[in-house]
Amino acid sequence: VQNELVAVARHLGAIGLTGDVPLYLANATLFLRCFSELVVSWMHLRQAVVARRALDAGSGEEAFYRGKTAAAHWYIANVLPHTAANLAIIARDE
């Protein structure tokens, strides 16, 4: 998804350079949502790595760390596919 986000950012930049402000702004909200979903996914992934290390080390907070890994799994499996689809929509200039 990261590569698609970069490609769409370049695409939108090219539109902005043409002066077509309505088309450029038409996808601004959706682009920002995609960007934030990617950042939140990255944060979940970081938390899951820390949680996995803590679980492997035998932490006494097992339920907490299992919750962190489950939340990361759910978000990445359920939100990130929509992010990729929304980036494809932006790339089509709809």
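Counting from 1, residues in each chain are numbered in the order their sequence is written. Only residues with pLDDT of at least 70 are given local features in this predicted model, and only at 80 or more are side-chain atom pairs given and counted; all residues enter the totals for whole chains, interfaces and linings. Side-chain numbers here rest on the full set of heavy atoms in the structure, without hydrogens or water.

Enquirer: Break down the packing of aromatic side chains for me, with residues and values.
Expert: Only Phe, Tyr and Trp rings take part, Trp by its six-membered ring, and two of them pair if their centres are within 6.5 Å. Stacked means planes under 30 degrees apart, edge-to-face means over 60, and tilted covers everything else. Going through the model one piece at a time under the given rule, you end up with 1 aromatic pair. Ring plane angle 75° and centroid distance 5.1 Å describe the contact between Phe64 and Tyr65, whose orientation is recorded as edge-to-face. In this scheme, the term charge over a ring applies when either NZ of a lysine or CZ of an arginine sits within 6 Å of the ring centre and within 35 degrees of the ring normal. The ring centre of Trp42 lies 5.0 Å from the NZ or CZ of Arg46, which sits over that ring.

Enquirer: I'd like to hear about the packing of helix α4 (residues 62-78) against helix α5 (residues 80-91), residue by residue, with values.
Expert: To get an axis, fit a line to the C-alpha atoms, keeping to the stretch in contact for a helix; angles then go from 0 to 180 degrees between the N-to-C directions. A run of H or I in DSSP becomes a helix once it reaches four residues, and a run of E becomes a strand once it reaches two; helices and strands are each numbered from the N terminus. It is the contact of α4 with α5, at a shortest axis distance of 3 Å, that shows an interaxial angle of 25°. Comparing their axes, α5 and α4 come out roughly parallel. For the pair α4 and α5, the contacting residues are Tyr75, Ile76, Ala77 and Asn78 in the first and Leu80, Pro81 and His82 in the second. Residues are grouped as follows: nonpolar covers Ala, Val, Leu, Ile, Met, Phe, Trp, Tyr, Cys and Pro; charged covers Asp, Glu, Lys and Arg; every other residue, Gly included, is treated as polar. Along the lines of polarity and charge, the residues of the contact of α4 with α5 split into 5 nonpolar, 2 polar and no charged. For classification, angles of less than 35 degrees are called roughly parallel, those exceeding 145 degrees roughly antiparallel, those between 65 and 115 degrees roughly perpendicular, and all remaining angles oblique. Any pair of residues with heavy atoms lying within 4.5 Å of one another is described as a contacting pair.

Enquirer: Before we move on, can you summarise helix α3 (residues 28-56) with the specific residues and values?
Expert: Spanning 29 residues, α3 covers 42 Å between terminal C-alpha atoms, matching the ideal 42 Å at 1.5 Å per step. Exposed residues in this analysis have more than 50% of their type's maximum accessible area, buried residues have under 20%, and partly exposed residues fall in between, with area computed by a 1.4 Å probe over protein chains only. Every buried residue belonging to α3 is among Leu30, Phe31, Cys34, Glu37, Ser41, His44, Ala48, Ala51, Ala54 and Leu55, and all of these are buried. Close packing links the buried residues of α3 with α1 (2-18), α4 and α5. Phi for Gly58, located one or two positions after α3, is positive at around 80°. Helices are assigned an expected span. That span is 1.5 Å times one less than the residue count.

Enquirer: Break down the pattern of salt bridges for me, with residues and values.
Expert: Two side chains with opposite charge may pair up if their charged atoms get near one another. The salt bridge definition used is simple: a Lys or Arg side-chain nitrogen within 4 Å of an Asp or Glu carboxyl oxygen. On inspection of all chains with the given rule, the structure shows 2 salt bridges. Between Glu62 and Arg66 there is a salt bridge; the shortest N-O distance is 2.8 Å. Taken as a pair, Glu62 and Arg66 lie in helix α4 at a separation of 4 residues, close to a single helical turn.

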